[in-house]
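Each chain, written out:
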Amino acid sequence: MRYLPIILSFVLFACNNAKEPVDYVNPFIGASTSTEIAGVFHGLGKTFPGATTPFGLVQVSPNTITGGDNAPGYSYEHKTIEGFAFMHMSGTGWYGDFGNFLTMPTVGALKTAAGYESDPDAGYRSRYDKSSEYAEAGYYKVRLTDNDILTEATATPHCGMLRFTFPENKQSRIQIDLARRVGGTSTEQYVTVVDEHTVQGWMKCPPEGGGWGNGQGKADYTVYFYCRFDKPLTNYGVWSADISDGQVRKRDEVTSPEYQELVAQAEVLRGCREKQGKHLGFFTEFETKANEHILMKCGISLVSIEGAKANLTAEIPDFDFDKIRTKARGTWNDALSGIRIEGATDEQKTIFYTALYHTMIDPRKVSDVDGYYRGADGKTHRADGFSYRSMFSGWDVFRSQFPLQTVINPNMVNDEINSLISLAEQSGKYYYPRWELLNSYTGCMLGTPAIPVIVGAYMKGIRNYDIEKAYRYAKNTADTFSVGPEGYSPGSLSESLEYTFSDWCIGRFAELLNKSDDARKYYDKSLSYANNFDTTLNEMRAHDKKGGWLNKEAKTVYEQGSTESNPYQQGWFVPHDVQGLIDLMGEERFNAELIEFFEKAPKDFTWNDYYNHANEPVHHVPFMFTYAGRPDLTQYWSRTICNGAYGSDVYGLRGNEDMGQMSAWYVLAALGFHPVNPGDDVYIIGSPLFEKVTIRLDPVYYKGKTFTVKANRNSNENIYVQSAKLNGKPLTRAWLRHDEIVNGGTLELEMGPQPDKNWGKDDLPPSLSAPKKK
């Protein structure tokens, strides 16, 4: 008994120090835009390392660069920091947007331009101590070495909070560049001093100021802010650059030496309480003691200043930084604890939980705490029974991100569908966007990806929206963007295949709604993918405008009618009729080409001409083997990709994160199941990474409490499924229905080092439900 207190103390210590899912998140994974390290134009993950909350509007993160193809405003290799902005994009290319409300602590003489990475002393940017840089879910800190200022950031859904630890100085300062925008500039700003602790205002960001796609993405939004400081505003002012009416204000222009000199020579208006202009900044100065903390908190709204104030009042009523940080951590831990994994190394847990974290950045909630949001008609609306969401990276996220969220966050998916319906209606277009950014139909990428998202959700029982409107706008979308009367899209293999897939989804939606004529029409259209199959070469090809074949080079040559891919990669995109594709190619040729497709890819799955995991068009392909009776190859390659294409450091994402898609693929594959057809309710069983995973199910949407996947004898060698049980009963097929997951229960797999010759090879997953044309 004398050892009992020691044992109890040890157990208590172990319990108190047990790591939670949130402790494994490393926000630096993917936080690089370097094309040099990536070895290809698209760069790497392009994530941001700063503080945010699940699906929150605000992300407070360091910015190291304005301009270029640097959507997050940050890249790990950079040596200086411009400031800390309150909104960011996660993992996209096309030059980026946001980076608004850029805040920087400084001392000494006021500088109104940021300066350059090559010459930081020319502006307010600062070098920083890389060893001091630290990030966790909901928190970020770094020491700015030029002026020895420690900066810490945390966030709530609509607000950000910064804590600065200043040195002793008679002229310390917090300055806010109101014109700053990652991909260009805000073209007009307004700021006013409300009282001795508060400023408020707005920043207009139209396409004329660059931004998403350097203006081509048509992003047009206004950021409203309501900001409070814990130290009184006794010595403050505004700077205003003299920008002429004819000045071009896009990405290249605002980062040019000429424009930056205009900003550096901005007029400084000390004591100015209110100002509206084309390029403004605000500053507040004060004397500080050594290691003195100065805090600022800011509410952000896309609706109004009143909305920003209400957001701040509701979410950060005081200046308790540590309380907000702790709350953000707890919110993340609850979200991440929706999936518990066992039998994983610490490195695997880091990769997994960071990936899961990255899948819960977008689509972000953009309605205010009172439910109001700015609609596509420019008017203010109130969301009724849902949260209005934005940042729908459709072409990317329909493949893995939304299938994952239908399992773990069905209410978010329901929100997004309501938001898409509202957008289609309020825009006056009555069809869905393919890539949406703050109500803008950006036109980025191709296809009609909102359709499989909506149909897939409906198939899986997520239906708390106007179903008839959802169907009508989906049908309008398919009719607006479709293959031509020839049965293909001239010049584009990618469009031809993606449009016919969406036609299948509309056919399925119509069938479920008892609209038999529509079902027949769209099912028939969905089969026209075969018009792109060249029987002489036994491969998919694009047609030219005259009806001939477009691509004349080898199918591994980039583009040739294939968007961000080649015909070899794009040609596998027939997710609604894999058996039909097998019939066209012949089973032997299908398997041989699919095997070659993977075996010729590099082992680290960087950008290449074969299985190019760094980009989305091929993400479903590893799971196609199962349709041809080779589930063992699905198991092998899904496991191999998880181990080869993902890592635990900054360079751990081989391609752009793309709003959660790259990470969602990993999460699903690691769990052991992934769809080929995201518009259907079927998941292909792969090779789980872990001995056991337990998924918490939403009781509002699903009958079950949890779904568990057990992989007995799982190891780096035992990657093949030998046999399976579902809820204690033998399972001889290598696929699951959605209901079998969300009704709760256990999938138990026996793993081994060699492929089983029989399991899962006969009971093949269902392919096209509609009968083929005769």
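Residues numbered from 1 in each chain as written. Predicted model: local features only at pLDDT ≥ 70, side-chain atom pairs only at ≥ 80, totals over all residues. Heavy atoms only, no water.

### Considering the sheet that holds strand E7 (residues 134-136)
As summarised here, the arrangement of the 9 strands in space is E7-E8-E9-E10-E21-E16-E15-E14-E19, forming an open sheet in which the pairing is antiparallel. Each edge of the open sheet carries a strand with a single partner, namely E7 and strand E19 (274-277). Across the sheet, the mean angle separating the axes of adjacent strands is 15 degrees when strand polarity is ignored. Note: E7 against strand E8 (residues 139-144), 3 bridges, orientation antiparallel. (Pairing = 2+ DSSP bridges. Helix = DSSP H or I, 4+ residues; strand = E, 2+ residues; numbered from the N terminus. Axes fitted to C-alpha atoms, helices over the stretch in contact; angles between N-to-C directions.)

### Let's talk about the packing of aromatic side chains
Inspection of the entire model under this criterion finds 47 aromatic pairs. Both rings, one in Phe 28 and one in Tyr 76, keep their centres 5.9 Å apart while their planes meet at 75 degrees; by these two values the pair is edge-to-face. One end of the pair, Phe 28, is in the loop between helix H1 (4-16) and helix H2 (35-38); the other, Tyr 76, is in the loop between strand E2 (59-63) and strand E3 (80-81), and 48 residues separate them in sequence. Lying across the ring of Tyr 139, Arg 325 places its NZ or CZ 3.6 Å from the centre. Sitting over the face of the ring of Phe 55, Arg 389 holds its NZ or CZ atom 5.4 Å from the ring centroid. (Phe/Tyr/Trp six-rings, centres within 6.5 Å; stacked < 30°, edge-to-face > 60°. Lys NZ or Arg CZ within 6 Å of the ring centre and 35° of its normal.)

### Focus: the sheet that holds strand E32 (residues 682-685)
Read across the sheet, 3 strands follow the order E31-E32-E37 without closing on themselves; strand pairing throughout is antiparallel. Lying at the two open borders of the sheet, with one neighbouring strand each, are strand E31 (673-674) and strand E37 (735-737). Two strands pair when backbone bridges link them, and E32 and E37 are joined in this way by 3 bridges, in the antiparallel orientation. From the neighbouring strand, Tyr 683 faces E37, where its bridge partner is Leu 736.

### Observations regarding the packing of helix H16 (residues 578-585) against helix H17 (residues 587-599)
Between H16 and H17, the least distance of the axes is 6 Å, while the angle of their chain directions is 105 degrees. In terms of axis orientation, H16 runs roughly perpendicular to H17. Contacts between H16 and H17 involve Val 578, Leu 581, Ile 582 and Met 585 from the first element and Glu 587, Arg 589, Phe 590 and Glu 593 from the second. Each residue belonging to the contact of H16 with H17 can be placed in one class, and the counts come to 5 nonpolar, no polar and 3 charged. (Parallel < 35°, antiparallel > 145°, perpendicular 65-115°, else oblique. Contact = heavy atoms within 4.5 Å. Nonpolar A, V, L, I, M, F, W, Y, C, P; charged D, E, K, R; others polar.)

### Side note on the environment of Val 25
Inspection of the secondary structure puts Val 25 in the loop between H1 and H2. The class for Val 25 is buried, based on a relative accessible area of 7%. In the structure, Val 25 is positioned 269 residues away from Ile 294 in sequence and 28 Å away in space, judged by C-alpha atoms. If near-sequence neighbours (up to four positions away) are discounted, Val 25 is found in contact with Ala 137, Leu 336, Tyr 353, Thr 354 and Tyr 357. (Buried < 20%, exposed > 50% of the residue type's maximum accessible area, 1.4 Å probe, protein only.)

### As for the packing of helix H12 (residues 467-480) against helix H14 (residues 516-526)
With their axes 13 Å apart at the nearest point, H12 and H14 run at an angle of 35 degrees to one another. In the packing of H12 onto H14, the handedness of the crossing is left-handed. The residues of H14 that touch H12, namely those facing Tyr 471, Lys 475, Ala 478 and Asp 479, are Asp 518, Lys 521 and Tyr 522. The residue makeup of the contact of H12 with H14, split by class, is 3 nonpolar, no polar and 4 charged. (Left-handed = near helix turned anticlockwise from the far one by under 90°.)

### Describing helix H11 (residues 450-459)
Counting buried residues along H11, 10 of its 10 residues qualify, which places the element largely inside the surrounding structure. The complete set of buried residues in H11 reads Ala 450, Ile 451, Pro 452, Val 453, Ile 454, Val 455, Gly 456, Ala 457, Tyr 458 and Met 459. At its buried positions, H11 is contacted by helix H9 (401-408), helix H10 (410-426), H12 and helix H13 (493-512). At the exit of H11 stands Gly 461, carrying a positive phi of roughly 90 degrees.

### Quick notes on the side chain of Ser 132
Relative to the elements of secondary structure, Ser 132 occurs in the loop between strand E6 (126-127) and E7. Only 2.7 Å separates the side chain of Ser 132 from the backbone oxygen of Asp 129, close enough to count as a polar contact. Here the side chain of Ser 132 touches Arg 143 through a polar contact of 2.9 Å, landing on its backbone nitrogen. (Polar contact = N/O pair within 3.5 Å; in protein donor to acceptor, adjacent residues only side chain to side chain.)

### Comments concerning the pattern of salt bridges
Evaluated as defined, the whole model comprises 41 salt bridges. As a salt-bridge pair, Asp 322 and Arg 163 come within 3.2 Å of each other at their nearest N and O atoms. Of this pair, Asp 322 sits in helix H6 (residues 321-336) while Arg 163 sits in strand E10 (residues 159-166), and the two are 159 residues apart along the sequence. Salt-bridge contacts for Lys 555 lead to Glu 593; the nearest nitrogen and oxygen are separated by 2.6 Å. A residue pair is termed long-range when its members are at least 10 positions apart, and Lys 555 in the loop between strand E30 (539-540) and helix H15 (567-570) and Glu 593 in helix H17 qualify at 38 residues. Note on accessibility: Lys 555 and Glu 593 belong to one class, buried. Look at the salt bridges and you will find they share partners, linking Glu 82, Glu 117, Arg 125 and Arg 180 into a network. (Salt bridge = Lys/Arg side-chain N within 4 Å of Asp/Glu carboxyl O.)

Read these as layout, nothing more, since geometry by itself doesn't imply function.
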